[in-house]
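Summary of structural features
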Amino acid sequence: MKYVIIGNGVAGIQAACTIRERDRDSEITVVSGETDYYFSRTALMYIAMGDMRLEDTEPLERSYYRKNRISLVRDRAEKVDADTKNVLFSSGQTLSFDSLLFATGALPATYGWPGLGLKSVCYFVSFQDVQEVLARAPEAEKAVIIGGGLIGIELAEVLTSFGIQVEFIIRDPYYWKTALTEPEGRYVEEIIRRHGVTIRLETELKEILAREGRVRAVTTNRGDTIECDLVGITTGVKPAIELAKNSGLKCGRGIKVDASLRTDTDGVFAAGDCAEIEF
């Protein structure tokens, strides 16, 4: 039996470990285009600020994979051919499977704002996002962060640690309305402002303006123009389903699965943030 898992986040690695516990003989291969080894995504902030190395955030010893014969492939899957049971990679290589799991996680959620493709528009979900922030931060003096959840506050802490002035644009009447009561949200706002961060509540991004291909300002639904040279998009995440859609799997918001995480394609499963259970 050949198991292939696309994605080395929590769902993918937990699946690999569980399979190995129950099946000592079959082949297990984990594919990731992000990093070689599974790491704790909540530690991205500490990696960005230089407090931790990437390897410091890995919950499993690197020797674990070798000892448990879990093969790791660093490549980006472009398509899954369910008929021939092969994964096709951007490198041109292929990998056959008997059973495959999509554990592709989530991507930043965006809402079609003009200017998203400009240089210095950054996200904070993947290790590559951290690398992009670190590349852009030295040339930035003022940043505007769109969205005020946990990812937003983490990115704000990173940017302020580099001496960058930060301003939040938050559409709700107080900070993190989906998770906090109003008194709690107001309390957090006060702490954020004490650290020199500006907050604009009940305000939405309208457009990111450019100068020579780079961010120069943002405009809001209130008619304001805020000069800046870096924009952080932290408006939540969405299931990463593009690979599954390109491979012909049934998708809604996520990859459609039943209660046993089976997709509509024989031998193909999905789990984690990319999956949507359809009873």
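These numbers were taken from a predicted model, which means no experiment stands behind them.

This part takes up the layout of surface pockets. Of the pockets and cavities examined, the second largest pocket occupies roughly 210 Å³. Along the walls of the second largest pocket sit Tyr3, Val4, Ile5, Gln14, Ala15, Thr18, Ile19, Ser99, Leu100, Leu101 and Phe269, which together make up its complete lining. The residue inventory of the lining of the second largest pocket, partitioned by class, reads eight nonpolar, three polar and no charged.

Ranked by size, the top nonpolar core spans 31 residues in total, and within it Phe124, Val133, Ile145, Val158, Leu159 and Phe168 carry the most contacts. Breaking this core down by element, the ones donating at least two residues are helix 2 (44-48), helix 4 (127-136), strand 10 (142-146), helix 5 (150-161) and strand 11 (165-169). The residues contacting phenylalanine 124, other than those within four sequence positions of it, are Leu44, Met45, Ala48, Asp129, Val130, Val133, Ile151, Glu154, Leu155 and Val158. Judged by nonpolar contacts, the second largest core, of 20 residues, contains Ile6, Val80, Phe102 and Val257.

Tallied over the full model, the rule gives five aromatic pairs. Ring geometry for tyrosine 37 versus tyrosine 65: centroids 5.6 Å apart, planes at 50°, classification tilted. Residue tyrosine 37 is found in the loop between strand 2 (27-32) and helix 2, and its partner tyrosine 65 is found in helix 3 (residues 62-67); the two are separated by 28 residues along the sequence. Relative accessible area serves as the criterion here: at 23%, tyrosine 37 is assigned to the partly exposed category. The interplanar angle of 65° and the centroid separation of 6.4 Å between the aromatic rings of tyrosine 175 and tryptophan 176 together place this pair among those described as edge-to-face.

For helix 4, every residue scored as buried is listed here: Phe127, Asp129, Val130, Val133 and Arg136. At the N-terminal boundary of helix 4, the capping side chain belongs to serine 126, with an oxygen 3.3 Å from the backbone nitrogen of glutamine 128.

Spatially, 4-5-6 is the arrangement adopted by the three strands of the open sheet, whose pairing is antiparallel. At either end of the open sheet lies a strand with only one pairing partner, and these are strand 4 (77-81) and strand 6 (94-96). Taking the axes of each pair of neighbouring strands and ignoring which way they run, one obtains an average angle of 20° across the sheet. Of the pairings in the sheet, the one linking strand 5 (residues 86-89) to strand 6 comprises three bridges and is antiparallel in character. Its bridge partner being in strand 6, asparagine 86 is matched across the sheet by serine 96.

A few words now on the sheet that holds strand 16 (residues 230-233). In a beta sheet, neighbouring strands are held together by backbone hydrogen bonds and run either parallel or antiparallel to one another. Judged by pairing direction, the sheet is parallel, and its five strands sit side by side in the order 9-16-10-11-12 without closing on themselves. Looking at the sheet topology across the chains shown, the edges are occupied by strand 9 (121-122) and strand 12 (198-200). Across three bridges, strand 11 lies against strand 12 in parallel orientation. Across the sheet, glutamate 167 pairs through a bridge with threonine 198, a residue of strand 12. Contacting strand 10, strand 11 and strand 16, helix 5 crosses the sheet at an angle of about 165° to strand 11.

Relative to strand 14 (residues 214-220), strand 13 (residues 205-211) runs antiparallel, the two being bridged by six bridges. Note on strand 14: the bridge partner recorded for alanine 210 is valine 215. Between the end of strand 13 and the start of strand 14, which pair antiparallel, lie two residues, with glutamate 212 showing a positive phi angle near 55°.

As enumerated under the stated definition, the model contains zero disulfides in all. Distance from the sulfur of cysteine 228, which forms no disulfide, to the nearest cysteine sulfur (cysteine 122) is 11 Å. Looking at the unpaired cysteine 251, the closest cysteine sulfur is the one in cysteine 274, lying at 8.9 Å.

What follows deals with the environment of lysine 142. Tracing the backbone through its elements, the reader meets lysine 142 in strand 10. Put simply, lysine 142 and glycine 9 are 133 residues apart on the chain and 33 Å apart in space, counted from C-alpha to C-alpha. Here lysine 142 is in contact with Ile164, Gln165, Glu167, Ile226, Glu227, Cys228, Asp229 and Leu230, once residues within four sequence places are set aside.

Quick notes on the rules
Residues numbered from 1 in each chain as written. Predicted model: local features only at pLDDT ≥ 70, side-chain atom pairs only at ≥ 80, totals over all residues. Heavy atoms only, no water. 1 Å grid on protein atoms, 1.4 Å probe; cavity = no way out; pocket = protein on both sides within 12 Å on 5 of 7 lines; lining within 4 Å. Points joined across faces, edges and corners; volume = space filled by probe spheres on them. Nonpolar A, V, L, I, M, F, W, Y, C, P; charged D, E, K, R; others polar. Core = buried A, V, L, I, M, F, W, Y, C linked by side-chain atoms within 4.5 Å. Buried < 20%, exposed > 50% of the residue type's maximum accessible area, 1.4 Å probe, protein only. Helix = DSSP H or I, 4+ residues; strand = E, 2+ residues; numbered from the N terminus. Contact = heavy atoms within 4.5 Å. Phe/Tyr/Trp six-rings, centres within 6.5 Å; stacked < 30°, edge-to-face > 60°. Polar contact = N/O pair within 3.5 Å; in protein donor to acceptor, adjacent residues only side chain to side chain. Pairing = 2+ DSSP bridges. Axes fitted to C-alpha atoms, helices over the stretch in contact; angles between N-to-C directions. Disulfide = S-S within 2.5 Å.

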